[in-house]
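Per-entry structural report
Here's the letter readout for the chains.
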Amino acid sequence: MGVEAHATNERVTGRRWTVRLDPVGRGRADVRVSCSRPACAAQVLPSAAAGRTAAIAHLKAHLRAGPAPRPSVHCACRAEECHTHIRPAGPRERPVPWRCGGAVVLAVITDREGRWWQVLECCSRCAAAHPTAKVVATAQAAEAPPRGDGFRADAPARATPGGPAATTPAFSAVGPHFSHSAAATGTAVPGTAVPQQASGPRTSAPRSARPTRKRPPRGRIAQRLVPHDLRPVALRDELTELGELFRAYQARTEPDLAVLADLHARKAEAFHAWAEVTADTGLRLDAQRAEQAAATARLQHLHRIGQAPDGEGPAVARLLTAPAQWNHARAVLAHVAENAPLPGAEARLLVLMVTLRTAQSGVGNLVGQDIKGLPLRDPEQLVGQLVESGWLGIPGTVEELIASRPESPTRISVPSLTPDEDDPGPFTFGRKLRPKLSGWAQRVVGEKKLRKGKTEADVRLLALALATGADGEGRLGHAGEGIGLDRLSSWCSVDPAGLPDLVDRLTAADWLAEADVTDTLLTGRLTERVLPLGCPLT
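This text gives an overview of the structure that appears in the document.

Cut-offs used in this document
- Residues numbered from 1 in each chain as written.
- Predicted model: local features only at pLDDT ≥ 70, side-chain atom pairs only at ≥ 80, totals over all residues.
- Heavy atoms only, no water.
- Helix = DSSP H or I, 4+ residues; strand = E, 2+ residues; numbered from the N terminus.
- Buried < 20%, exposed > 50% of the residue type's maximum accessible area, 1.4 Å probe, protein only.
- Contact = heavy atoms within 4.5 Å.
- Areas by Shrake-Rupley, 256 points an atom, 1.4 Å probe, with all protein chains shown as cover.
- Patch = residues over 30% accessible without salt bridge, like charges linked within 9 Å, V, L, I, M, F, W, Y side chains within 5 Å.
- Salt bridge = Lys/Arg side-chain N within 4 Å of Asp/Glu carboxyl O.
- Lys, Arg positive; Asp, Glu negative; His and termini not counted.
- Charge placed at Lys NZ, Arg CZ, Asp CG, Glu CD.
- Pairing = 2+ DSSP bridges.
- Axes fitted to C-alpha atoms, helices over the stretch in contact; angles between N-to-C directions.
- Core = buried A, V, L, I, M, F, W, Y, C linked by side-chain atoms within 4.5 Å.

1. Some words on the overall build of the chain
Helix and strand counts for the chain come out as 16 helices and 13 strands. When burial is assessed residue by residue, the chain has 39% of its 538 residues classed as buried. Taking contacts inside the chain between residues at least 6 apart in sequence as the whole, the part at least 24 apart equals 61%. Carbon and sulfur atoms make up 52% of the accessible area of the chain, which totals about 30,800 Å².

See below:
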């Protein structure tokens, strides 16, 4: 029996192999994928992306074809005394390694840059100690032999000649997804049941049949598990909540760099506190990376909205300062393009200016100079047509409206913009933003060089379209890709063949630079002179 017990303690070391992605040579784009297993030949792929895909596919093939983790092996990390997971200490203290323990698992460890993937047959405690480990399979606990026969009660069962073999856990045929959570921690032994409460003397239930006490769920953040016994509890709850917020942010369809910067700032503060509690240098480094990420995201957000960090002053002092205001300006232009009651560029321009005066409540004040300041050939006739169509309502005659002065403005109304109980109106901005949008449109339409050049209504409509269709640096379209001619033609109410002439007029007025008109696109950029009037695309 002593020989039998000695044989049981002769456990083999867990498996370990690595798949690597290395450059073939300096200045070359192709990469080499190699595997440390002797039967695998290296592959050369044309790009890093193709190499990474091939490396992951190769690793998954090994995981599908290979056996499940064995419950009786030594932890692969234990053979190296867990040098990878040694907890740092002070200058006068010895480093304390993680103790091996828990079920044997098959874990995949990778670096942050995605250059290598290592598979370890190790204990669950060592796998949890590594921040990038993903558990893909867990060995089932072997049945313990009966006490009193010379074996340890917690020793793993071993197959003997003529006796039952240890149960080999089933391994899923589906390869692991490295972006998903780790696998479950094992399955219950079939055939066990919780005993029912019976009348009579209380008897102690067998240990194997007693219900196990479940620990509270553990949070996860930045590929780290938050210990359920971490103290203070407020720190544990903050880390758990941050992990959930980061995962919710990754599920968003549109990025929000301001929100991301706040999350990274909270993460940096929480990781600093976690490092103080556990004396873990890795957590301090993660906290510093989170601080850098927060600063970078905040700077990118400020650049996107056309501002600069505190103390440096705004990069561009824009008339409309916030992305919400820019989006509302684009919404007004789109509404006018779809609902203008009369054709033609002059009617479109007049409808836009009146809409901005009455957008919030459907009523507003108008004076004669507001109309006479627009490039309209016959303003009285155009206003009369809007009144006859029912789109515009005025208390008196058109002549009285044209003659009205600032000290006695005319009260006008637009029934289609008047909100009621069933229809709140087409716009969602508030009362304070309406005059800002109206003032912005007047500044664009009445810009000094456009006014001195006596440009027509279609040129000024194009100026409005380009002011709302450029990015923060003034490049037309998203990332400077340009704006479609069909869209510009529809907004300016002109034929596409007439757009090149309008572009030349804006270039001569120092509105556009590097302009190029193709069959389908207008590319170029706004000049620095008119950048303050822009509403950057976000």
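2. Structural notes on a negative patch on the surface
Together, D378, E380, E399 and E400 make up a region of like negative charge exposed at the surface. Here D378 lies in the loop between α9 (368–372) and α10 (379–388).

3. Comments concerning the sheet that holds strand β3 (residues 43–45)
Taken together, the 6 strands give an open sheet; going across it, the order is β3-β2-β1-β5-β4-β6, and neighbouring strands pair in antiparallel fashion. Each edge of the open sheet carries a strand with a single partner, namely β3 and β6 (134–138). Taking the axes of each pair of neighbouring strands and ignoring which way they run, one obtains an average angle of 20 degrees across the sheet. Where strand β1 (residues 16–23) and strand β2 (residues 31–35) come together, 5 bridges link them in antiparallel fashion. The residue bridging V19 from the neighbouring strand is C35, located in β2. Contacts from helix α2 (residues 48–65) reach β1, β2, β3, β4 (104–110), β5 (116–123) and β6 within the one sheet, and its direction differs from that of β1 by about 170 degrees.

4. Points about the pattern of salt bridges
For the structure on display, the rule yields 22 salt bridges. Ionic pairing is found between E238 and R266, a salt bridge with its closest N-O pair at 3.0 Å. With a gap of 28 residues between them, E238 in helix α4 (residues 233–250) and R266 in helix α5 (residues 257–278) connect regions that are remote in the sequence. Owing to a relative accessible area of 23%, E238 belongs among the partly exposed residues under this scheme. A cluster of three or more residues bridged by salt bridges with shared partners is formed by E447, K449, D510 and R529.

5. Notes on the nonpolar core
Counting residues in each nonpolar core, the largest one holds 73 residues, and the members touching the most others are L466 and W511. With residues near it in sequence (within four places) discarded, L466 still touches L476, I483, L488, L506, L512, L522 and L526. Of all hydrophobic cores here, the second largest spans 19 residues; its members include L235, F246, A261 and A287.

6. Quick notes on helix α14 (residues 457–467)
Among the 11 residues that make up α14, 11 are buried, leaving the element largely enclosed by the rest of the structure. Taken residue by residue, α14 has A457, D458, V459, R460, L461, L462, A463, L464, A465, L466 and A467 as its buried positions.

7. So, the sheet that holds strand β11 (residues 483–484)
The strand order β11-β13-β12 describes an open sheet built from 3 strands, whose pairing is antiparallel. What marks the edges here is a single partner per strand, and that holds for β11 and β12 (512–517). With 2 bridges connecting them, β11 and strand β13 (residues 521–526) associate as antiparallel partners. If you follow I483 over to β13, its bridge partner there is L522.

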